[in-house]
Amino acid sequence: MTGGSSTDYPDMAIDLVDLDRYPIEDLDRGRGAEFLRACQEHMEEHGWCNFDGFIRPGALAALTAETNELLPTAETLTIKRNIYQGKVDPSVPEGDPRRREYVHSAVQLADDQIPAETLIQQLYKSPLLTDFIRRVQKKAELYRCADEFQALNVVALQPGSWHAWHYDTTECTVTLLLQAAERGGEFTFIPDSRTDASEDRETVDLFLAGDMSKARTFSRGAGTFTLFRGGYSLHGVTKVEGSQPRVTAILTYDERPGRVISDDINVRIYGPRVEKILAERTSPQATASRP
Ligand SMILES: O=C(O)CCC(=O)C(=O)O
Ligand SMILES: [Fe+2]
């Protein structure tokens, strides 16, 4: 089963996804079933699936227009972290790039800044889309993340910015490229560079030293939808060049229903705006003014 109520929204995937190329509306029969099987095999063998032109061109223009209208309301966040986003194996020597804090800046809309009526929010809420993502990974259950800030984000990397190398804190990452960079801004990753038990140190070391020869990159135009094992594949985005920002929607899911992220982590990621929201909720005035 998949998460969320399907009654509030008509299924927006039907309107936005190129169903001729990607028949996600019926994965149980005929060409839909064949498509699903091919996706599952690809995901299992390579650890990623990349769907070029997933969004129909007309729909993409509407999605891009709405996010470009919302982005001026977003803050610029400066994200500072090591590649593991936390503890580093104590055997890693001092000065090793794996201990280093990498920094990038992004203009970022958190879920609570993306109104329910937007197309991107309705696409995220699509039961068909969630079910497709669940089935490609052969998971028994998959729910949209319930966190009010993290569930769906839109991230704009401005010219001159990159997205620093990291592993995600969740297993699978789902991204939709809404606006490609004119040049650069390439999503770059090492598929399955680690398991729960070990890491391909040789490849990771080379990569962090600037040798990208073992990393993968796709040529991704706007409208490309990508699934990859972000928790196990070191990844990031190279420097954006040209005059326009590179804009991605990040869709998050969890095998457990109702997943929320701790206030501490949300304040660390989203900064003073979210700190204020959370503080106001627990302040005496906020409590007194409740009915
Ligand atoms: O923008 C992308 O393509 C990747 C973003 C990413 O790695 C992340 O948000 O964790
Ligand atoms: Fe990531």
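For the structure, see preceding data.
Residues numbered from 1 in each chain as written. Chains lettered and ligands numbered in written order. Predicted model: local features only at pLDDT ≥ 70, side-chain atom pairs only at ≥ 80, totals over all residues.

Enquirer: Outline the site of ligand 1, supporting the account with residue identities and numerical values.
Expert: Taken together, the neighbourhood of ligand 1 is formed by V155, H163, D168, T173, T175, F187, H235, V237, T248 and I250. Sorting the residues of the shell around ligand 1 by element identifies β7 (173-179), β12 (235-237) and β14 (246-251) as the ones contributing at least two each. Partitioned by chemical class, the residues of the shell around ligand 1 number four nonpolar, five polar and one charged. (Near = placed C-beta within 6 Å. Helix = DSSP H or I, 4+ residues; strand = E, 2+ residues; numbered from the N terminus. Nonpolar A, V, L, I, M, F, W, Y, C, P; charged D, E, K, R; others polar.)

Enquirer: Kindly report on unusual backbone geometry, identifying the contributing residues and their values.
Expert: Backbone phi values are negative for most residues with the exception of glycine, while trans is the configuration of most peptide bonds. Unlike most non-glycine residues, K138 shows phi in positive territory, near 55°. Even without being a glycine, D192 presents a positive backbone phi close to 50°. Tracing the backbone through its elements, the reader meets D192 in the loop between β9 (187-189) and α6 (201-208).

Enquirer: Quick one: what's the story with the environment of D96, residue by residue and with numbers?
Expert: For D96, the location among the structural elements is in the loop between β2 (75-81) and β3 (102-109). Through-space distance from the C-alpha of D96 to that of N266 is 28 Å; in sequence the pair is 170 residues apart.

Enquirer: I'd like a rundown of the sheet that holds strand β5 (residues 152-157), residues and numbers included.
Expert: Reading across the sheet, the seven strands line up as β1-β11-β7-β14-β5-β3-β2 and stay open at both edges, with antiparallel pairing between neighbours. Among the strands making up the open sheet, the edge pair consists of β1 (48-51) and β2. Each neighbouring strand pair of the sheet contributes to a mean axis angle of 30°, computed without reference to strand direction. Sheet topology places β1 next to strand β11 (residues 225-228); four bridges connect them, and they run antiparallel. Bridging from a neighbouring strand, N50 pairs with T226 of β11. (Pairing = 2+ DSSP bridges. Axes fitted to C-alpha atoms, helices over the stretch in contact; angles between N-to-C directions.)

Enquirer: Let's hear about helix α2 (residues 30-46): which residues, and what values?
Expert: Residues that lie three or four places apart on an α-helix share one face, since the helix turns once every 3.6 residues. In this model α2 runs 24 Å from its N-terminal to its C-terminal C-alpha over 17 residues, within 8% of the 24 Å that 1.5 Å per residue would give. One or two positions beyond α2, positive phi appears at G47, with a value near 80°. (Expected span 1.5 Å × (residues − 1).)

Enquirer: Break down the pairing of β5 for me, citing the residues and quoting the values.
Expert: Of all the six residues making up β5, six are buried; the element is thus mostly covered by neighbouring parts of the structure. Here β5 shows no split at all, with L152, V154 and A156 on one side and N153, V155 and L157 on the other all buried. As judged from the three bridges shared by β3 and β5, these two strands associate in the antiparallel manner. Among the inter-strand pairings, V107 is bridged to a residue of β5, identified as A156. Note that β5 and β14 share six bridges and pair antiparallel. If you follow L152 over to β14, its bridge partner there is L251. (Buried ≥ 20, exposed ≤ 12 C-beta atoms within 10 Å, placed from the backbone.)

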